[in-house]
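Reading the structure
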Amino acid sequence: MAPARKQTKGSAVSQGEAVSGTKPRTLRPVPFYLPLNITLYVCLVSNGIAAFLAPIQDCDEVFNFWEPTHYLDYGYGLQTWEYSPVYSIRSWLYISLHSIVGKVASLAFDKSAGFYIIRLFLAIVCAACQTRLYSAICRTLSPRIGLIFIMIVAFSPGMFHASSSFLPSSFSMYTSMLGLAAFLDWKGGQKTAEGIMWFGLGAIVGWPFAGALVLPLLFEEAVLSFLSANLGKFCFDVFNGGLRCLAILALEVAVDYVFLGKLTVVPWNIVAYNVFGGEGRGPDIFGTEPWTFYIKNLLLNFNVWFIFGIFVGPLLLLQAIFRARSTSLETLLRTVTLIMPFYMWFAIFTVQPHKEERFMYPAYPFLALNAAIAFHMVLAFIGSNNPKELIGRVPAKVKLAAVMSVILVAINGGLLRSLGMITAYNAPLKVFEPLEQPGVAHAGDIVCFGKEWYRFPSSFFLPDGMRAKFIRSEFRGLLPGEFPDAPTYSALLEGASRVPEGMNDRNEEDAGKYTDISQCSFLVDSYFPSHEASELEPNYIVFEENGDNIVSYGGVPRTQKPE
């Protein structure tokens, strides 16, 4: 690495204090305000609680990821149209990585315990990624920015449920953290190729759109390389990173070929369907939301920190105008590069009609970093003791009280929101516990779902041999089908490659997905006084004759096996 470029990068990266408005310091080892081992423990505790207690946020997580994993581990499960070889927009590589953990867990634990072990595995991976990024932020920006960052990710409801979710967007969030850390931390030399590899891994194995997050970081590297006459090395690093991504893609194509029996590039299939699907296809057919959706959602999931994260740009502009002497051009450009990925992601997905909470997951680390930088700048301004400035004449105790009030509001608001999610929405993870009692459930029993189909937490919560099926309700979209039973590994591959009947990519209802209620051993339903009963959605729970084979989300479970 050329000394000139190292100096340029170093002076920009060590600007934690310069970002805040103080003079930049000479590069030197930066202490951590919170030691790395303690940081890892904090993240493990936060993510671990989520792994064991957080409700499942999205039925796509169940039907598109937990059910195929159950199929690989136990030989049966529900199948969505995305896994049909005709459409192939879900990769078996992503599923296989998790099914290995589940298979190992099944050697010593029952299915429901395997569910939580997979979640715990995801929580550990996320904690490691969070700690790695924290280390990079402390070393290259500022220990105080790092401390604020870890405080945000440890106590925000958004990170709470994203950390252990079995979703490609969560996987892309992990790799985004590792990719950002590689672009930040030049200890031992540039890590451009490594950064590209991590973002590429998230885009290929996880969610292809997450690859866009690397663009601002690559642009900065290209500009710095050009200015330091080091463009050749940059091009080589990009080529190197591209080769690594191609190797990952080749592995995914090979795994999908084994399962689907044909060559297919799943990331391209995802992009093609969602962007070029044509009339009657694409994400919009699954629902649209107003442009304010993500504003409201991020306020719930990050409360005060979202406000700081979204206003970091204006704060940076004000600092550049009013404290120009303490803010170098290098610092300004470096900070703009770091805050751009979240702005770009937020803008792109805000204009998309179809919106879902999980679409923001890959950008959560960037939101946390933006908020940390913004709060760092505010702290630097408040901390001024210059008597010529109004803020400098405010008593220190008043400043401390104001700062602590913001922090306590953010932490308490996040904890209360997470606690509310655990206590108010955990019924789907608990309602099947009575089936584990001796003599209640039997192999071959059928558990049916009507209007509550989207709350089914996966076959991991059903005893061995029990199957989940659907009865008619007012829902008129396409419900999942079933993978063919597969007692052997060869049967698994044959079942995955078989084209299922009644699947389509237009969310059109298929009558073949329904079971007659007379075939149900158990019916899972809910009763809310505000819900108006209909012919297809009667109040099953208040029917005395059905009382013995209904498990209620809202009442006392009744699980006696009907005669």
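This structure is a prediction, so every number in the text was calculated from the model and none was measured.

Cut-offs and rules
Residues numbered from 1 in each chain as written. Predicted model: local features only at pLDDT ≥ 70, side-chain atom pairs only at ≥ 80, totals over all residues. Heavy atoms only, no water. Salt bridge = Lys/Arg side-chain N within 4 Å of Asp/Glu carboxyl O. Domains from an automatic or database assignment. Contact = heavy atoms within 4.5 Å. Buried area = accessible area lost by both parts, 1.4 Å probe. Polar contact = N/O pair within 3.5 Å; in protein donor to acceptor, adjacent residues only side chain to side chain. Helix = DSSP H or I, 4+ residues; strand = E, 2+ residues; numbered from the N terminus. Nonpolar A, V, L, I, M, F, W, Y, C, P; charged D, E, K, R; others polar. Disulfide = S-S within 2.5 Å. Buried < 20%, exposed > 50% of the residue type's maximum accessible area, 1.4 Å probe, protein only. Arc of directions from axis to C-beta. Bend = angle between axes of the 7 residues up to and from the residue. UniProt positions renumbered as here; feature names shortened; annotations may be inferred. Core = buried A, V, L, I, M, F, W, Y, C linked by side-chain atoms within 4.5 Å. Phe/Tyr/Trp six-rings, centres within 6.5 Å; stacked < 30°, edge-to-face > 60°. Lys NZ or Arg CZ within 6 Å of the ring centre and 35° of its normal.

Let's shift gears to the pattern of salt bridges. Across all of its chains, the model carries 19 salt bridges by this definition. Members of the salt-bridge network, linked through shared partners, are D58, D60, E356 and R358.

What follows is about the domain arrangement of the protein chain. The assigned domain composition of the protein chain is domain 1 (36–425) and domain 2 (433–560). Distance from the C-alpha centre of domain 1 to the C-alpha centre of domain 2: 34 Å. Facing 41 residues of domain 1, the contacting portion of domain 2 comprises 39 residues. Counting the surface lost from both domain 1 and domain 2, the interface buries some 3400 Å², and carbon and sulfur atoms represent 65% of this. Considering only the side of domain 1, the residues that lose the most area to domain 2 are Y71, Y76 and Q79, jointly responsible for 21% of the buried surface there. Along the contact surface separating domain 1 from domain 2 lie 1 salt bridge. In this structure, the salt-bridge partner of D505 is R281, at a minimum N-O distance of 2.9 Å. At the junction of domain 1 and domain 2, the tally comes to 12 residue pairs in polar contact (both at pLDDT 80 or more). Of all elements in the fold, only α4 (59–74), β1 (78–79), α5 (92–106), α6 (111–140) and α12 (231–260) reach the threshold of two or more residues within the side of domain 1 that touches domain 2. With 12 residues, α4 is the single largest residue contributor to the side of domain 1 that touches domain 2. For the side of domain 1 that touches domain 2, a count of residues per class yields 26 nonpolar, 10 polar and 5 charged.

Along the polypeptide, S91 turns up in the loop between β1 and α5. When the C-alpha atoms of S91 and D256 are compared, they prove to be 6.3 Å apart, with 165 residues separating the residues in sequence. If we skip the residues at most four places from it in the chain, S91 touches E252, D256 and V266. A distance of 3.2 Å separates the side chain of S91 from the side chain of E252, its partner in a polar contact. Within polar-contact distance, the side chain of S91 engages the side chain of D256 at 3.3 Å.

Moving on: the state of the cysteines. Structurally, a disulfide amounts to a covalent bond that connects the sulfur atoms of two cysteines. Evaluation of the coordinates by the stated rule reveals 1 disulfide. The disulfide that involves C448 links it to C520, with 1.9 Å between the sulfurs. As the torsion about the S-S bond is roughly -90°, the C448-C520 disulfide counts as left-handed. Of this pair, C448 sits in strand β2 (residues 446–449) while C520 is found in the loop between α21 (489–497) and β5 (522–525), placing the two residues 72 residues apart along the sequence. The buried category is assigned to C520, whose relative accessible area is 10%. Free cysteine C43: the closest other cysteine sulfur is in C126, separated by 7.5 Å. By relative accessible area, C43 is classed as buried at 1%.

This brings us to helix α16 (residues 312–322). Looking at α16, one finds that the buried residues are V312, L316 and Q319. The buried residues of α16 occupy an angular sector of 60° when the element is viewed end-on, so they sit on one face. Away from its buried face, by an angle of more than 90 degrees, α16 presents the exposed residues L317, I321 and F322.

Turning our attention to α4. The largest bend in α4 is about 30°, located at W66, with the proline P68 one to four residues further on. Buried residues dominate α4, accounting for 13 of its 16 residues. With a side-chain oxygen lying 2.8 Å from the backbone nitrogen of D60, the N-terminal cap of α4 falls on D58.

When the UniProt feature table is mapped onto this chain numbering, "transmembrane region" (unreviewed entry) sits at residues 32–56, 113–134, 141–160, 196–219, 302–322, 331–351, 363–382 and 402–425. As annotated, residues 141–160 has a helix share of 85% and a strand share of 0%, and its two end C-alpha atoms lie 25 Å apart. Note that residues 402–425 is 96% helix and 0% strand, and that its end C-alpha atoms are spaced 34 Å apart.

Counting residues in each nonpolar core, the largest one holds 125 residues, and the members touching the most others are W92, W305 and F432. Per element, the largest residue contribution to this core is 13 residues, and it comes from helix α18 (residues 364–382). A domain split of this core shows at least three residues from each of domain 1 (36–425) and domain 2 (433–560). Beyond its immediate stretch of four places on either side in the chain, W305 contacts I148, M151, I152, S156, L367, A371, F375 and A410. Core analysis: the second largest hydrophobic core is formed by 8 residues, Y87, I270, L478 and M503 among them.

So, on to the packing of aromatic side chains. The tally for this structure, following the rule as stated, stands at 46 aromatic pairs. Their ring planes at 25° and their centres at 6.0 Å tell us that F63 and W453 sit as a pair that is stacked. Separated by 390 residues along the polypeptide, F63 in helix α4 and W453 in the loop between β2 and β3 (467–470) bring together distant segments of the chain. Among the residues examined, W453 registers a relative accessible area of 12% and is labelled buried. On the numbers, 5.1 Å between centres and 25° between planes, the contact of W207 with F359 is stacked. Note that W207 is positioned in the loop between α10 (192–206) and α11 (215–227) and F359 in the loop between α17 (329–350) and α18, a separation of 152 residues in sequence. Here W207 matches F359 in class, with each residue buried. Clustering of aromatic rings is evident, with ring pairs tying together F52, F65, W66, Y74, Y94, F115, Y116, F166, F171, F460 and F461. Taking NZ or CZ as reference, K111 lies 5.5 Å from the ring centre of Y74, over its face. Over the ring of Y76 we find R467, and its NZ or CZ is 4.0 Å from the ring centre.

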